[in-house]
Amino acid sequence: MAATDRTRSRTISKRPQPEGGQAPVVQRVRIRYAKRGPLRFTSHRDFARAFERAVRRAGVPIAYSQGFTPHPKISYASAAPTGVASEAEYLEIGLQAPVDPVALRAALDAALSPGLDVLEAVVAGGGSLADRIEASSWRIELPEVDAAVVRAAVDAFTAADEVLVERMTKQGRRTFDARSAVIAIDVTGPAETPSGGPAVPCAILEVVVRQVTPSVRPDDVLSGLRVVADLEPPVPPRVTRLAQGTLTAQGEIVDPLDADRDGATIGGH
(Lines give C-alpha, C1' and ligand atoms only; values in the text may rest on other atoms or scores of the structure.)
Protein backbone atom coordinates (compact mmCIF):
# COMPACT_ATOMS: atom_id res chain seq x y z
CA MET A 1 0.00 0.00 0.00
CA ALA A 2 1.26 3.54 -0.73
CA ALA A 3 2.58 5.53 2.25
CA THR A 4 0.04 8.27 1.63
CA ASP A 5 -2.77 5.73 1.96
CA ARG A 6 -1.37 4.44 5.24
CA THR A 7 -1.14 7.92 6.74
CA ARG A 8 -4.43 9.25 5.39
CA SER A 9 -6.57 8.03 8.26
CA ARG A 10 -4.85 6.92 11.47
CA THR A 11 -7.95 6.89 13.65
CA ILE A 12 -11.68 6.81 13.10
CA SER A 13 -12.76 7.69 16.64
CA LYS A 14 -11.35 9.82 19.46
CA ARG A 15 -13.50 8.20 22.13
CA PRO A 16 -11.69 6.02 24.71
CA GLN A 17 -12.19 2.30 24.49
CA PRO A 18 -14.66 0.76 26.97
CA GLU A 19 -13.63 -1.30 29.98
CA GLY A 20 -16.28 -3.98 29.58
CA GLY A 21 -19.10 -5.24 27.45
CA GLN A 22 -21.90 -2.93 28.54
CA ALA A 23 -22.69 -1.62 25.06
CA PRO A 24 -24.38 -3.98 22.58
CA VAL A 25 -23.11 -4.73 19.09
CA VAL A 26 -24.81 -2.29 16.72
CA GLN A 27 -22.77 -3.05 13.57
CA ARG A 28 -20.74 -5.96 12.26
CA VAL A 29 -18.04 -5.43 9.66
CA ARG A 30 -16.35 -8.11 7.59
CA ILE A 31 -12.77 -7.57 6.52
CA ARG A 32 -10.53 -9.12 3.88
CA TYR A 33 -6.80 -8.84 4.47
CA ALA A 34 -3.57 -10.12 2.96
CA LYS A 35 -0.34 -11.63 4.30
CA ARG A 36 2.50 -10.74 1.95
CA GLY A 37 6.27 -11.00 1.73
CA PRO A 38 8.11 -11.80 4.99
CA LEU A 39 4.88 -11.21 6.94
CA ARG A 40 3.60 -14.54 5.59
CA PHE A 41 5.58 -16.07 8.47
CA THR A 42 3.32 -14.32 10.98
CA SER A 43 1.43 -16.97 12.92
CA HIS A 44 -2.32 -16.68 13.39
CA ARG A 45 -1.81 -15.93 17.09
CA ASP A 46 0.70 -13.17 16.33
CA PHE A 47 -1.61 -11.68 13.71
CA ALA A 48 -4.49 -11.68 16.20
CA ARG A 49 -2.34 -9.74 18.69
CA ALA A 50 -1.24 -7.29 15.98
CA PHE A 51 -4.82 -6.78 14.83
CA GLU A 52 -6.07 -6.07 18.36
CA ARG A 53 -3.30 -3.47 18.74
CA ALA A 54 -4.30 -1.96 15.39
CA VAL A 55 -7.92 -1.76 16.55
CA ARG A 56 -6.83 0.22 19.62
CA ARG A 57 -4.49 2.51 17.66
CA ALA A 58 -7.16 3.22 15.06
CA GLY A 59 -9.76 4.14 17.68
CA VAL A 60 -12.21 1.52 16.44
CA PRO A 61 -15.32 1.38 18.70
CA ILE A 62 -14.96 -2.36 19.15
CA ALA A 63 -17.51 -4.27 21.21
CA TYR A 64 -16.37 -6.54 24.04
CA SER A 65 -17.57 -9.81 25.48
CA GLN A 66 -19.15 -9.93 28.93
CA GLY A 67 -17.47 -11.35 32.03
CA PHE A 68 -14.42 -10.73 34.19
CA THR A 69 -11.98 -10.85 31.25
CA PRO A 70 -13.75 -9.14 28.34
CA HIS A 71 -12.31 -9.75 24.89
CA PRO A 72 -12.81 -7.71 21.72
CA LYS A 73 -15.44 -9.23 19.46
CA ILE A 74 -13.27 -10.45 16.59
CA SER A 75 -13.87 -13.74 14.81
CA TYR A 76 -11.55 -15.26 12.23
CA ALA A 77 -12.43 -17.54 9.32
CA SER A 78 -10.09 -20.31 8.18
CA ALA A 79 -6.68 -18.68 8.71
CA ALA A 80 -3.86 -19.71 6.36
CA PRO A 81 -0.97 -21.77 7.82
CA THR A 82 2.15 -19.96 9.04
CA GLY A 83 4.59 -19.38 6.18
CA VAL A 84 1.85 -19.24 3.56
CA ALA A 85 1.08 -15.95 1.81
CA SER A 86 -2.53 -15.01 1.20
CA GLU A 87 -4.61 -12.52 -0.70
CA ALA A 88 -7.86 -13.73 0.86
CA GLU A 89 -7.98 -13.88 4.66
CA TYR A 90 -11.22 -12.91 6.40
CA LEU A 91 -12.42 -11.79 9.80
CA GLU A 92 -15.48 -10.14 11.34
CA ILE A 93 -15.63 -7.52 14.08
CA GLY A 94 -18.53 -6.38 16.25
CA LEU A 95 -18.78 -2.62 16.91
CA GLN A 96 -20.49 -0.54 19.60
CA ALA A 97 -21.06 2.32 17.16
CA PRO A 98 -21.50 2.41 13.39
CA VAL A 99 -18.50 3.37 11.27
CA ASP A 100 -17.81 4.15 7.62
CA PRO A 101 -16.22 0.98 6.15
CA VAL A 102 -13.96 3.04 3.88
CA ALA A 103 -12.51 4.96 6.85
CA LEU A 104 -12.27 1.76 8.89
CA ARG A 105 -10.27 -0.02 6.21
CA ALA A 106 -7.86 2.89 5.83
CA ALA A 107 -7.39 3.32 9.59
CA LEU A 108 -6.73 -0.37 10.25
CA ASP A 109 -4.39 -0.66 7.27
CA ALA A 110 -2.39 2.33 8.49
CA ALA A 111 -2.11 0.78 11.97
CA LEU A 112 -0.73 -2.56 10.70
CA SER A 113 2.75 -3.29 9.37
CA PRO A 114 3.20 -3.27 5.58
CA GLY A 115 2.67 -6.84 4.45
CA LEU A 116 -0.36 -7.24 6.69
CA ASP A 117 -2.66 -5.29 4.41
CA VAL A 118 -6.36 -4.61 4.94
CA LEU A 119 -7.86 -4.85 1.47
CA GLU A 120 -11.57 -4.42 2.01
CA ALA A 121 -14.24 -3.75 4.66
CA VAL A 122 -17.98 -4.22 4.22
CA VAL A 123 -20.91 -3.99 6.59
CA ALA A 124 -22.05 -7.53 7.33
CA GLY A 125 -25.40 -8.71 6.07
CA GLY A 126 -27.14 -11.79 7.36
CA GLY A 127 -25.79 -15.26 7.81
CA SER A 128 -22.44 -16.51 9.07
CA LEU A 129 -19.11 -15.64 7.47
CA ALA A 130 -17.77 -19.11 8.25
CA ASP A 131 -20.71 -20.72 6.41
CA ARG A 132 -19.64 -18.89 3.24
CA ILE A 133 -16.22 -20.53 3.12
CA GLU A 134 -16.33 -23.94 1.47
CA ALA A 135 -13.07 -24.05 -0.49
CA SER A 136 -9.77 -22.29 -1.17
CA SER A 137 -7.75 -21.65 -4.32
CA TRP A 138 -3.96 -21.97 -3.95
CA ARG A 139 -0.92 -21.23 -6.11
CA ILE A 140 2.10 -23.39 -5.29
CA GLU A 141 5.38 -22.32 -6.91
CA LEU A 142 7.98 -25.06 -7.31
CA PRO A 143 11.31 -23.49 -8.32
CA GLU A 144 13.82 -25.74 -10.07
CA VAL A 145 11.16 -28.36 -10.79
CA ASP A 146 10.39 -29.40 -14.36
CA ALA A 147 6.75 -28.86 -15.26
CA ALA A 148 6.58 -32.20 -17.09
CA VAL A 149 7.61 -34.03 -13.91
CA VAL A 150 4.91 -32.24 -11.95
CA ARG A 151 2.29 -33.01 -14.61
CA ALA A 152 3.12 -36.71 -14.36
CA ALA A 153 2.77 -36.54 -10.57
CA VAL A 154 -0.54 -34.70 -10.88
CA ASP A 155 -1.85 -37.31 -13.32
CA ALA A 156 -1.00 -40.06 -10.83
CA PHE A 157 -2.62 -38.09 -7.99
CA THR A 158 -5.87 -37.44 -9.86
CA ALA A 159 -6.08 -41.06 -11.06
CA ALA A 160 -5.91 -42.38 -7.49
CA ASP A 161 -9.11 -43.07 -5.58
CA GLU A 162 -7.36 -42.27 -2.31
CA VAL A 163 -4.00 -40.74 -1.34
CA LEU A 164 -3.19 -41.21 2.35
CA VAL A 165 -0.83 -38.73 4.00
CA GLU A 166 0.25 -38.09 7.59
CA ARG A 167 0.43 -34.83 9.50
CA MET A 168 0.79 -33.84 13.13
CA THR A 169 -2.40 -32.14 14.37
CA LYS A 170 -3.57 -30.87 17.76
CA GLN A 171 -5.02 -34.32 18.31
CA GLY A 172 -1.71 -36.02 17.49
CA ARG A 173 -0.42 -37.62 14.29
CA ARG A 174 -3.29 -38.22 11.87
CA THR A 175 -3.53 -40.16 8.64
CA PHE A 176 -6.11 -38.85 6.18
CA ASP A 177 -7.01 -38.79 2.50
CA ALA A 178 -5.54 -35.78 0.66
CA ARG A 179 -7.18 -36.74 -2.64
CA SER A 180 -10.89 -36.46 -1.86
CA ALA A 181 -10.70 -32.78 -0.83
CA VAL A 182 -8.96 -31.67 -4.06
CA ILE A 183 -11.58 -30.38 -6.50
CA ALA A 184 -9.15 -29.23 -9.21
CA ILE A 185 -5.40 -29.37 -9.72
CA ASP A 186 -3.46 -28.13 -12.73
CA VAL A 187 0.12 -27.33 -13.71
CA THR A 188 1.39 -24.22 -15.45
CA GLY A 189 4.94 -23.33 -16.44
CA PRO A 190 7.78 -23.51 -16.93
CA ALA A 191 7.87 -19.84 -16.05
CA GLU A 192 9.88 -17.28 -14.19
CA THR A 193 9.04 -17.30 -10.49
CA PRO A 194 6.20 -14.72 -10.31
CA SER A 195 6.39 -13.69 -6.67
CA GLY A 196 9.70 -11.95 -6.32
CA GLY A 197 11.94 -15.02 -5.89
CA PRO A 198 15.11 -15.80 -7.85
CA ALA A 199 14.70 -15.67 -11.62
CA VAL A 200 14.74 -19.44 -12.17
CA PRO A 201 12.28 -21.59 -14.11
CA CYS A 202 9.60 -23.16 -11.97
CA ALA A 203 6.46 -25.24 -12.27
CA ILE A 204 3.32 -23.75 -10.78
CA LEU A 205 0.51 -25.79 -9.31
CA GLU A 206 -2.97 -24.29 -9.17
CA VAL A 207 -5.15 -26.17 -6.70
CA VAL A 208 -8.72 -25.80 -5.45
CA VAL A 209 -9.30 -27.61 -2.15
CA ARG A 210 -12.61 -28.16 -0.38
CA GLN A 211 -12.87 -27.25 3.30
CA VAL A 212 -12.97 -30.54 5.24
CA THR A 213 -12.04 -31.85 8.69
CA PRO A 214 -9.18 -32.36 9.20
CA SER A 215 -8.30 -29.60 6.74
CA VAL A 216 -6.26 -30.50 3.67
CA ARG A 217 -3.52 -27.90 3.23
CA PRO A 218 -1.15 -27.22 0.34
CA ASP A 219 1.64 -29.12 2.11
CA ASP A 220 -0.70 -32.13 2.34
CA VAL A 221 -1.23 -31.98 -1.44
CA LEU A 222 2.55 -31.92 -1.91
CA SER A 223 2.85 -34.87 0.48
CA GLY A 224 0.30 -36.66 -1.68
CA LEU A 225 2.35 -35.99 -4.81
CA ARG A 226 5.35 -37.43 -3.01
CA VAL A 227 3.35 -40.54 -2.06
CA VAL A 228 2.11 -41.26 -5.60
CA ALA A 229 5.12 -40.11 -7.64
CA ASP A 230 8.11 -39.48 -5.32
CA LEU A 231 7.97 -35.77 -6.17
CA GLU A 232 10.57 -34.03 -3.97
CA PRO A 233 11.07 -30.29 -4.71
CA PRO A 234 14.77 -29.39 -4.27
CA VAL A 235 13.92 -26.06 -2.61
CA PRO A 236 10.98 -25.09 -0.39
CA PRO A 237 7.84 -24.22 -2.38
CA ARG A 238 6.21 -20.83 -2.13
CA VAL A 239 2.47 -20.98 -1.48
CA THR A 240 -0.16 -18.27 -1.84
CA ARG A 241 -3.87 -18.48 -1.12
CA LEU A 242 -5.56 -16.62 -3.97
CA ALA A 243 -9.20 -16.93 -2.92
CA GLN A 244 -11.61 -18.66 -0.59
CA GLY A 245 -15.37 -18.77 -0.48
CA THR A 246 -18.40 -20.75 -1.59
CA LEU A 247 -18.35 -23.15 -4.55
CA THR A 248 -20.51 -22.91 -7.64
CA ALA A 249 -21.74 -25.94 -9.54
CA GLN A 250 -18.94 -25.22 -12.05
CA GLY A 251 -16.28 -25.41 -9.31
CA GLU A 252 -15.64 -21.65 -9.19
CA ILE A 253 -15.09 -19.84 -5.89
CA VAL A 254 -17.39 -16.96 -4.92
CA ASP A 255 -15.95 -14.30 -2.61
CA PRO A 256 -17.72 -14.56 0.78
CA LEU A 257 -18.16 -10.78 0.86
CA ASP A 258 -20.12 -10.68 -2.40
CA ALA A 259 -23.45 -10.96 -0.59
CA ASP A 260 -22.55 -7.99 1.66
CA ARG A 261 -21.23 -5.54 -0.90
CA ASP A 262 -24.52 -3.96 -1.93
CA GLY A 263 -23.34 -4.06 -5.51
CA ALA A 264 -20.06 -2.20 -5.04
CA THR A 265 -16.51 -2.83 -3.88
CA ILE A 266 -15.46 -0.85 -0.82
CA GLY A 267 -11.83 0.10 -0.47
CA GLY A 268 -9.00 -2.25 -1.43
CA HIS A 269 -5.76 -2.10 -3.41
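Bear in mind the structure is a predicted one, so any value in this text is a computation, not a measurement.

J.: Which parts of the structure should I look at to understand the pattern of salt bridges?
T.: Proximity of charged atoms lets side chains of opposite charge pair with each other. In total, this model carries 17 salt bridges according to the counting rule given. Close ionic contact of Glu92 with Arg30 constitutes a salt bridge, the shortest N to O distance being 2.6 Å. Of this pair, Glu92 sits in strand S3 (residues 85–95) while Arg30 sits in strand S1 (residues 27–35); the two residues are 62 residues apart in sequence, bridging distant segments of the chain. Like Glu92, the residue Arg30 is buried in the burial classification. The partner of Arg261 in a salt bridge is Asp258, and the shortest N-O contact between them spans 2.1 Å. Judged by relative accessible area, which is 12%, Arg261 ranks as buried. When salt bridges with common partners are traced through the structure, they connect Arg28, Arg30, Glu92, Arg132 and Asp260 into a single cluster.

J.: Explain the side chain of Asp260 to me, please; I cannot follow it from the model alone.
T.: With respect to the element layout, Asp260 can be found in the segment after strand S11 (253–254). Non-local contacts of Asp260, meaning those with residues more than four positions away in its chain, are made with Arg30, Val122, Val123, Ala124, Gly125 and Arg132.

J.: What should I look at first to understand the nonpolar core in this one?
T.: Within soluble globular proteins, side chains that are nonpolar generally end up buried alongside one another. In this structure, Val150, Leu205, Val207, Val209 and Leu225 are the most contacted members of the largest nonpolar core, which totals 30 residues. Mapped onto this core, the elements with two or more residues apiece are strand S5 (135–143), helix H4 (147–159), strand S8 (182–192), strand S9 (201–210) and helix H5 (218–229). Among the elements that line this core, the one with the most residues is H4, at five residues. Once you skip the residues sitting within four places of it in the chain, Leu205 turns out to touch Trp138, Arg139, Ile140, Leu142, Val150, Val154, Ile185, Asp186, Val187, Leu222 and Leu225. Ala54, Ala58, Val99 and Ala107 belong to the second largest nonpolar core, which has 25 residues in total.

J.: Sorry if this is basic, but what is going on with helix H3 (residues 101–111) here?
T.: Owing to its 3.6 residues per turn, the α-helix brings residues three or four apart onto one side. Taken across its 11 residues, H3 has nine buried, putting it largely inside the fold. Pro101, Leu104, Arg105, Ala106, Ala107, Leu108, Asp109, Ala110 and Ala111 are the residues of H3 that are buried.

J.: Would you explain unusual backbone geometry in this entry?
T.: The general pattern is negative phi for most residues beyond glycine and trans for most peptide bonds. The amide bond that connects Thr213 to the next residue, Pro214, takes the cis arrangement and shows omega of -5°. In this fold, Pro214 is placed in the loop between S9 and H5. Notably, Ser78 is not glycine yet its phi reads approximately 50°, a positive angle. Within the secondary structure, Ser78 is located in the loop between strand S2 (74–77) and S3. By relative accessible area, which is 26% here, Ser78 ends up partly exposed. The phi torsion at Asp230 lies on the positive side, around 55°, for a residue other than glycine. Note on placement: Asp230 falls in the loop between H5 and strand S10 (238–247).

J.: How do you make sense of the packing of H4 against H5 when you look at a structure like this?
T.: Geometry of a packed helix pair, given as the angle between the helix axes and the separation of the axes. Between H4 and H5, whose axes approach to 9 Å, the crossing angle comes to 90°. Classified by the angle between their axes, H4 and H5 sit roughly perpendicular to one another. Taking contact as the criterion, the partners of Ala153, Val154, Ala156 and Phe157 in H4 are, on H5, Val221, Gly224, Leu225, Val228 and Ala229. Residues that form the contact of H4 with H5 fall into these classes: eight nonpolar, one polar and no charged.

Reading the values: the criteria
Residues numbered from 1 in each chain as written. Predicted model: local features only at pLDDT ≥ 70, side-chain atom pairs only at ≥ 80, totals over all residues. Heavy atoms only, no water. Salt bridge = Lys/Arg side-chain N within 4 Å of Asp/Glu carboxyl O. Helix = DSSP H or I, 4+ residues; strand = E, 2+ residues; numbered from the N terminus. Buried < 20%, exposed > 50% of the residue type's maximum accessible area, 1.4 Å probe, protein only. Contact = heavy atoms within 4.5 Å. Core = buried A, V, L, I, M, F, W, Y, C linked by side-chain atoms within 4.5 Å. Axes fitted to C-alpha atoms, helices over the stretch in contact; angles between N-to-C directions. Parallel < 35°, antiparallel > 145°, perpendicular 65-115°, else oblique. Nonpolar A, V, L, I, M, F, W, Y, C, P; charged D, E, K, R; others polar.

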